[in-house]
Amino acid sequence: MKIWDVIVIGGGPAGLNAALVLGRSLRKTVIIDAETPRNNVTLFSHGFLTRDGEKPQRFRNIAVAQLKKYKTIAKTKDIVKTITKQNDLFFIETKSNHIFQSKKVIVATGRVEELPDIKGLQDVFGTSVFVCPYCDGWEHKDEPLAVFGSGKTIVHFTSLISNWSRDVVVFTNGETLKRADKQELIDHHIKVVESPILECQSKEGKLQSIRVEQKESICRTAGFIMGTGKKESFPLPESLGIKRNERGEYETDAHGETTVEGLYVIGDAKHSFTGLVCAAGEGYEAGVKINQALVNEQWASIK
Ligand SMILES: Cc1cc2nc3c(=O)[nH]c(=O)nc-3n(C[C@H](O)[C@H](O)[C@H](O)COP(=O)(O)OP(=O)(O)OC[C@H]3O[C@@H](n4cnc5c(N)ncnc54)[C@H](O)[C@@H]3O)c2cc1C
């Protein structure tokens with residue numbers, strides 16, 4: 001069986017940028033990607049210099065096209081099921097029963113969005129309801145905005161959203177906020193609606209209003225939702241023995257290497273939300289560190 005220098009699991013900005021660095025370092029690298037990117041639902045991506053306003057699929061197509069030049073790189077569409085490590089080699093098994101072998105592995109599998117069960121929310125998610133104000137706030141500045149959320153970070157998140165519009169209503173969908181949090185929001189002229197949401201009403205993906213129990217529809221043209229990306233797309237097997245930090249993230253060094261030598265976790269797979277440019281940056285970092293490790297191993301083996 002062929003031994004790859006590196007297997008990159010996940011072909012988002014993190015994995016693809018790692019592959020670019022590795023290809024340019026002449027490393028035999030295979031990218032295994034399920035092709036289900038997290039930001040698929042959104043029409044345009046923002047905040048990546050030279051790519052601001054780009055369609056997510058076009059962003060990926062450009063990246064994949066640029067990788068074609070590097071003949072040591074292969075890419076396959078598949079879903080990784082398991083990783084094991086024996087001695088110094090990693091074994092990766094996919095859904096289509098292929099087994100790949102490599103010296104190093106980069107896990108860049110991102111997160112899965114999980115939306116609360118609110119009628120009509122799916123229709124507006126990614127088109128007028130978003131997760132990140134840095135990604136989509138500017139396009140909706142000064143509009144009547146909704147915040148969907150509750151819990152201990154509600155004040156922090158709402159104060160952030162209020163940077164883009166002073167007209168913000170918080171919808172907790174039936175959750176009761178802590179009295180002090182609610183008062184703080186009210187003191188900042190933010191309305192809090194704690195009734196369960198019956199429906200997000202929209203037209204062609206554009207949020208128009210939010211209908212709640214015992215109240216009329218409240219007009220809102222865009223919104224931001226908290227806590228949708230908690231679920232890892234590919235939780236690593238516990239048998240690998242990787243440590244996690246107190247926030248539940250995989251413990252890594254500054255370049256993404258975990259406590260298992262040769263195994264890297266980068267991008268949203270590590271943080272809950274990295275953003276495109278930082279995910280690509282982490283890919284670059286991991287690629288450089290892996291190439292240096294392989295150079296050192298080769299150098300030491302030639303006497
Ligand atoms: C609605 C929305 C809008 C966003 N807008 C922006 C924006 O405008 N600007 C911005 O900077 N960021 C934006 N983001 C965030 C951005 O999409 C992520 O931070 C970024 O994509 C993370 O990159 P990644 O490479 O870590 O993961 P992803 O881009 O999610 O890529 C992970 C890849 O791994 C694959 N994968 C998963 N599991 C497996 C498996 N078991 N085997 C093989 N492959 C697997 C997936 O199919 C996917 O292709 C947005 C996010 C959302 C949800």
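Worth saying up front: this structure is predicted, and the values here are computed from it rather than measured. Throughout, residues of each chain are indexed from 1 in the direction in which the sequence is written. The predicted origin of the model limits local features to residues at a pLDDT of at least 70 and limits the giving and counting of side-chain atom pairs to 80 or more, whereas totals for whole chains, interfaces and linings rest on all residues. Excluded from the side-chain calculations are hydrogens and water; all other atoms, namely the structure's heavy atoms, are used.

A. Here's a closer look at the overall build of the protein chain. Along the backbone of the protein chain there are 7 helices and 17 strands. If you line up the protein chain on its principal axes, its C-alpha atoms span 75 × 35 × 35 Å. Partly exposed residues are those whose accessible area sits between 20% and 50% of the maximum for their type, while under 20% is buried and over 50% is exposed, using a 1.4 Å probe and protein chains only. Looking at the protein chain as a whole, 48% of its 303 residues are labelled buried. By definition, residues are in contact when any of their heavy atoms lie within 4.5 Å. A sequence separation of at least 24 residues applies to 57% of the contacts in the protein chain between residues at least 6 apart. Carbon and sulfur atoms make up 52% of the accessible area of the protein chain, which totals about 16000 Å². Positive charge is attributed to Lys and Arg, negative charge to Asp and Glu, and no charge count is given to His or to the chain ends. For charged residues, the charge sits on one atom: NZ in Lys, CZ in Arg, CG in Asp, CD in Glu. The distance from the centre of the 41 positive side-chain charges to the centre of the 38 negative ones in the protein chain is 5 Å. For helices the rule is a DSSP run of H or I covering at least 4 residues; for strands it is a run of E covering at least 2, with both sets numbered from the N terminus onward. The accessible surface values rely on the Shrake-Rupley method and a 1.4 Å probe; as for residues, cover is taken only from the protein chains in view.

B. Highlighting the packing of helix H1 (residues 13-24) against helix H7 (residues 276-301). The interhelical angle for the contact between H1 and H7, taken along N-to-C directions, is 35°, at an axis separation of 7 Å. The two elements H1 and H7 meet at a crossing, and its hand is right-handed. In this structure, H1 uses Pro13, Ala14, Asn17, Ala18, Val21 and Leu22 to contact H7, whose residues at the interface are Leu276, Ala279, Ala280, Gly283, Tyr284, Gly287, Val288, Ile290 and Asn291. Grouping the amino acids of the contact of H1 with H7 by side-chain chemistry returns 11 nonpolar, 4 polar and no charged. For helices, the axis comes from a line fit to the C-alpha atoms of the stretch in contact; other axes are also lines fit to C-alpha atoms, and the angle between any two N-to-C directions lies between 0 and 180 degrees. Note on convention: the crossing is left-handed when the near helix lies turned anticlockwise from the far helix by less than a right angle, right-handed when the turn is clockwise. Any residue that is not Ala, Val, Leu, Ile, Met, Phe, Trp, Tyr, Cys, Pro, Asp, Glu, Lys or Arg is counted as polar, Gly included; the first ten are nonpolar and the last four charged.

C. Representation of the packing of aromatic side chains within the structure. A pair of Phe, Tyr and Trp rings is counted when the ring centres sit within 6.5 Å of each other, with Trp represented by its six-membered ring. The angle between the planes then sorts it: under 30 degrees is stacked, over 60 is edge-to-face, the rest tilted. Counted according to the given criterion, the structure contains 4 aromatic pairs. Summarising the aromatic geometry, the rings of phenylalanine 130 and phenylalanine 224 are spaced 5.9 Å apart at their centres and angled 45° between planes, so their arrangement reads as tilted. Residue phenylalanine 130 is located in strand E8 (residues 129-130), and its partner phenylalanine 224 is located in strand E15 (residues 222-225); the two are separated by 94 residues in the primary sequence. By the burial criterion, phenylalanine 130 is buried, and phenylalanine 224 matches it. The cationic tip of lysine 141 hangs over the ring face of tryptophan 138; the distance from NZ or CZ to the ring centre is 3.5 Å. Charges are assigned to positions over rings by a cutoff of 6 Å between ring centre and Lys NZ or Arg CZ, combined with an angular limit of 35 degrees from the ring normal.

D. Structural view of the domain arrangement of the protein chain. The source of the domain bounds is an automatic or database domain assignment. Segmenting the protein chain into domains produces domain 1 (3-113 + 229-301) and domain 2 (121-225). With 7 residues of domain 1 at the interface, the matching set in domain 2 holds 9 residues. Among the residues domain 1 hides against domain 2, the three largest losses belong to Val41, His46 and Phe273. Together they make up 64% of the total. Criterion for a salt bridge: a side-chain nitrogen of Lys or Arg within 4 Å of a carboxyl oxygen of Asp or Glu. The interface formed by domain 1 and domain 2 includes 0 salt bridges. Each polar contact in these results corresponds to two N or O atoms within 3.5 Å; when the atoms are within protein, one needs to be able to donate a hydrogen and the other to accept it, and residues that are neighboring in sequence are counted only if both atoms are side-chain atoms. Our count for the contact surface shared by domain 1 and domain 2 stands at 3 residue pairs in polar contact (both at pLDDT 80 or more). What gets called buried area is simply the loss in accessible area from a 1.4 Å probe that two parts show on being joined, summed for both.

E. Highlighting the packing of helix H5 (residues 154-161) against helix H6 (residues 179-187). With their axes 10 Å apart at the nearest point, H5 and H6 run at an angle of 15° to one another. Taken as axis vectors, H5 and H6 run roughly parallel relative to one another. Crossing angle aside, the handedness with which H5 passes H6 is right-handed. Across from Ile154, Val155 and Thr158 in H5, the residues of H6 making contact are Asp181, Glu184 and Leu185. The class makeup of the residues in the contact of H5 with H6 is 3 nonpolar, 1 polar and 2 charged. Note on angle classes: values under 35 degrees are labelled roughly parallel, values over 145 roughly antiparallel, values of 65 to 115 roughly perpendicular, and the remainder oblique.

F. Representation of the site of the ligand. Consider each residue's heavy atoms; a residue with any of them within 4 Å of a molecule or strand counts as near. The ligand sits among 37 residues. The nearest are Asp33, Thr36, His46, Gly275 and Leu276. Between the ligand and the protein, one listed contact pairs a nitrogen atom with a backbone N or O atom of histidine 46 at 2.8 Å. Valine 80 is positioned such that a nitrogen or oxygen atom in its backbone is 2.9 Å from a nitrogen atom of the ligand. If you list the elements that add at least two residues to the shell around the ligand, you get H1, strand E2 (29-33) and H7. In terms of residue class, the shell around the ligand is built from 16 nonpolar, 14 polar and 7 charged.

G. Representation of the pairing of strand E4 (residues 80-86) within the structure. The pairing of E4 with strand E5 (residues 89-94) spans 6 bridges and is classified as antiparallel. Among the inter-strand pairings, valine 80 is bridged to a residue of E5, identified as threonine 94. Two strands form a pair only when DSSP identifies at least two bridges running between them. Adjacent in sequence and paired antiparallel, E4 and E5 are bridged by 2 residues, among which asparagine 87 carries a positive phi angle near 55°.

H. The arrangement of the pairing of strand E10 (residues 168-171) in detail. Side chains Val168 and Val170 of E10 all project onto a buried face; the interleaved residues Val169 and Phe171 project onto the opposite face, where all are buried too. Regarding topology, H5 serves as the crossover connection from strand E9 (residues 145-148) to the parallel E10, and that connection is right-handed. Note: E10 against strand E11 (residues 191-193), 3 bridges, orientation parallel. From the neighbouring strand, valine 170 faces E11, where its bridge partner is valine 192. At this point the chain moves from E10, through H6, to the parallel E11, and the crossover so formed is right-handed. Orient the strands so they point away from the viewer; a crossover is then right-handed if the path from the first strand over the helix to the second runs clockwise.

I. Representation of the layout of surface pockets. Its volume calculated, the second largest pocket comes out at about 890 Å³. The wall of the second largest pocket is formed by 29 residues, among which Thr153, Ile225, Met226, Gly227 and Thr228 lie closest to the centre. Counting only elements with at least two residues in the lining of the second largest pocket, the list comes to helix H4 (133-136) and H5. The biggest single contributor to the lining of the second largest pocket is H5, with 3 residues. Looking at the lining of the second largest pocket residue by residue, the class counts come to 13 nonpolar, 11 polar and 5 charged. Each cavity reported here is a set of points on a 1 Å grid over the protein atoms alone in which a 1.4 Å probe fits but cannot get out, each pocket an open set with protein on both sides within 12 Å along at least five of seven lines, and each lining residue one with an atom within 4 Å of a point. Grid points are joined across faces, edges and corners, and a volume is the space filled by probe spheres set on the points.

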